[in-house]
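These are the residues of each chain, in order.
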Amino acid sequence: MSIVKSLSPRAMAAPESGIVEVVNYARGREGLLPLWVGEGDLPTPDFISRAAMDALASGETFYTWQRGIPELRQALSDYYSRHFGIRLPVEHFYVTGSGMQAIQIAVQTLTSPDDELVYLTPAWPNIAAALEIAGARSVGVELQFEGGKWAVDLDRVEAAITPKTRGIFINTPSNPTGWTATKKDLADILALARRHDLWIMADEIYALYYFAGGRAPSFLDVMEPDDKIIFVNSFSKNWSMTGWRVGWIVAPPEMGQVLENLIQYSTSGVAQFMQKGAVAALDQGDDFVAANIAKAARSRDILCDALVATNRVETLKPDGALYAFLKIDGVTDSRSAAIDIVDKTGVGLAPGTAFGAGGELFLRACFLRDPAQVAVAAERLCDYILRR
């Protein structure tokens, strides 16, 4: 008898990532242009790494604050004041070991086994997996796709709500579609949550990657102090810190002890020297973030313009986030297509099958890379598409 069969059904049910499957298939190939995962091509800037190294060298290697060091929580408060025009006291902020852990803790906080959480699909697959592993149920509601654009149908969202529903997960700007909620969308979603006494779990990690200028609309623009909203976020995208695994939660202060306890019994907090790097990112990194956004905008235009010009790709330039979600004529199995594309072109794309209902016919390309590299990737992809 295999020992695997004696493992917990909940652990056994954890799905393999459809993104990682393709990455593992072709990782390390010579000449590969990896547009498959959600990260840029730059390492963490020196001013962030230096702050972490200095803290490490000075001996900041002991157990530390479970909720995050005071300097980092204050830096987060200042960041929201600058970019969101709202002054939240430090008691609203909790540092986690990645944005993924922020989601896991939020799921544990809001749901019990057999509860349901509604979310919009296609979606980053980790939210549904986090819910299912926790014993809750993920209920996907498909975004509407027409003319290359995505939109939310609130009637369909409301129809998915049952007596077991505990909340709604909203990621905007969205991974993978680039759908970006308007302020009215957010107000309508919030009104729906209020009517049904539901929580909102808001993933606004791409809020600054908003190509109309400024930042994307946020639930912070429409909420009242007593609204039941928990925000999850990460340092990964803005500051090229994907490998650091540092994130944060914004939540009502009265939840503080609950969140601290969940951090304590999972990771017992984020290493202090890493938090010092995160402080530097927030306090000194606005120019770096602005340069990353400008690069993403240029690369978005290069990639999308080239692909649409083939007349074989249905998509429009996304309003936000870092991804082109592509529907290529004739592709009916995006997993097989992703394997075929990486074999024949050396361009790594994520299959839409990894993102749930509504994504099956699509492929995702992350464009947070050097525009010259993206131009090469676009040329290879266009040649592949036109030869099909």
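Residues numbered from 1 in each chain as written. Predicted model: local features only at pLDDT ≥ 70, side-chain atom pairs only at ≥ 80, totals over all residues. Heavy atoms only, no water.

You'll find the protein chain entered in an unreviewed UniProt entry as Aminotransferase, with Rhizobium leguminosarum given as the organism. Under the Sequence similarities (unreviewed entry) heading, UniProt states for the protein chain: "Belongs to the class-I pyridoxal-phosphate-dependent aminotransferase family." (UniProt positions renumbered as here; feature names shortened; annotations may be inferred.)

Colleague: Looking at this structure, I do not really get the domain arrangement of the protein chain. What am I missing?
Modeller: In many reports, interface size means the accessible area that the parts give up when they come together. Per the domain assignment, the segments making up the protein chain are domain 1 (15-42 + 284-380) and domain 2 (45-283). Each of domain 1 and domain 2 has a C-alpha centre, and the two are 24 Å apart. Between domain 1 and domain 2, the residue contacts involve 35 residues of the former and 37 residues of the latter. For the pair domain 1 and domain 2, the number of links is two salt bridges. Salt-bridge contacts for D286 lead to R82; the nearest nitrogen and oxygen are separated by 3.0 Å. Put simply, domain 1 and domain 2 have 15 residue pairs in polar contact (both at pLDDT 80 or more) between them. With eight residues, the top contributor of residues to the side of domain 1 that touches domain 2 is helix α11 (residues 286-308). Among the residues making up the side of domain 1 that touches domain 2, the classes are represented as 20 nonpolar, eight polar and seven charged. (Domains from an automatic or database assignment. Contact = heavy atoms within 4.5 Å. Salt bridge = Lys/Arg side-chain N within 4 Å of Asp/Glu carboxyl O. Polar contact = N/O pair within 3.5 Å; in protein donor to acceptor, adjacent residues only side chain to side chain. Helix = DSSP H or I, 4+ residues; strand = E, 2+ residues; numbered from the N terminus. Nonpolar A, V, L, I, M, F, W, Y, C, P; charged D, E, K, R; others polar.)

Colleague: Teacher, can you tell me more about the nonpolar core here?
Modeller: Where a protein is soluble and globular, its nonpolar side chains tend to be buried together. Counting 105 residues, the largest nonpolar core has L72, V157, F219, F235, W239, W248 and L303 as the members making the most contacts within it. When residues of this core are assigned to their parent elements, the largest contribution, seven residues, is made by helix α13 (residues 371-387). In terms of domain composition, this core takes at least three residues from each of domain 1 (15-42 + 284-380) and domain 2 (45-283). Setting aside anything within four residues of it in sequence, one finds L303 in contact with A324, A365, F367, V374, A378 and L381. Counting residues in each nonpolar core, the second largest holds 26 residues, with I103, I105, V107 and I230 among its members. (Core = buried A, V, L, I, M, F, W, Y, C linked by side-chain atoms within 4.5 Å. Buried < 20%, exposed > 50% of the residue type's maximum accessible area, 1.4 Å probe, protein only.)

Colleague: Before we go on, may I ask you to explain the layout of surface pockets in this structure?
Modeller: It is a probe the size of a water molecule, rolled over the atoms, that shows where empty space is left. Its boundaries defined by the atoms lining it, the largest pocket holds a volume of some 1,000 Å³. Around the largest pocket, the lining comprises 46 residues; the ones closest to its centre are I19, G38, W124, N126 and K237. Put simply, the parts of the chain that give the lining of the largest pocket at least two residues each are α2 (18-26), α5 (99-110), α6 (125-133) and β9 (229-234). Class assignment of the residues belonging to the lining of the largest pocket gives a composition of 22 nonpolar, 15 polar and nine charged. (1 Å grid on protein atoms, 1.4 Å probe; cavity = no way out; pocket = protein on both sides within 12 Å on 5 of 7 lines; lining within 4 Å. Points joined across faces, edges and corners; volume = space filled by probe spheres on them.)

Colleague: Could you clarify how one ought to interpret the sheet that holds strand β11 (residues 313-314) in this entry?
Modeller: Across a sheet, paired strands are connected by hydrogen bonds in the backbone, their directions being either parallel or antiparallel. The antiparallel open sheet is built from four strands, whose spatial order is β11-β12-β15-β14. Sheet topology places β11 and β14 (350-351) at the edges, where each strand pairs with a single neighbour. For β14 and strand β15 (residues 362-366), the ladder comprises two bridges, and the chain directions are antiparallel. Counted as the bridge partner of P351 is L363 from β15. (Pairing = 2+ DSSP bridges.)

Colleague: Could you clarify how one ought to interpret the pairing of strand β7 (residues 165-171) in this entry?
Modeller: Most of β7 sits out of view: six of its seven residues are buried. Of the pairings in the sheet, the one linking strand β3 (residues 116-121) to β7 comprises four bridges and is parallel in character. Note on β7: the bridge partner recorded for E116 is T165. Sheet topology note: the β7/strand β8 (residues 199-203) ladder contains five bridges and is parallel. Each residue of the ladder has a partner; that of N171, found in β8, is D203. In this region the chain leaves β7, passes through helix α8 (residues 183-195) and returns to the parallel neighbour β8; the handedness of that crossover is right-handed. (Right-handed = clockwise from strand over helix to strand, strands pointing away.)

Colleague: Please clarify how the sheet that holds β9 should be interpreted in this entry.
Modeller: Taken together, seven strands build an open sheet; the order of strands is β2-β10-β9-β8-β7-β3-β4 and the sheet is mixed. Sheet topology places β2 (93-96) and β4 (137-142) at the edges, where each strand pairs with a single neighbour. The mean angle between the axes of side-by-side strands here comes to 25°, regardless of whether they run parallel or antiparallel. One ladder, built from four bridges, connects β9 with strand β10 (residues 247-250); its direction is antiparallel. The partner of V232 across the bridge, within β10, is I249. Sheet contacts for α8: β7, β8 and β9; angle to β8, the most-contacted strand, approximately 150°. (Axes fitted to C-alpha atoms, helices over the stretch in contact; angles between N-to-C directions.)

Colleague: Just to check I follow, could you spell out the pattern of salt bridges for this structure?
Modeller: Between side chains of opposite charge, pairing is possible as soon as their charged atoms come close. Counting across every chain of the model gives 21 salt bridges. Note that R215 and D221 form a salt bridge whose closest N and O atoms lie 2.7 Å from each other. Residue R312 pairs with D329 through a salt bridge whose shortest N-O separation is 3.6 Å. Of the two residues, R312 is situated in the loop between α11 and β11 and D329 in the loop between β12 (323-328) and α12 (334-345); the sequence distance between them amounts to 17 residues. Through salt bridges that share partners, R300, D301, D305 and K317 make up one connected network.

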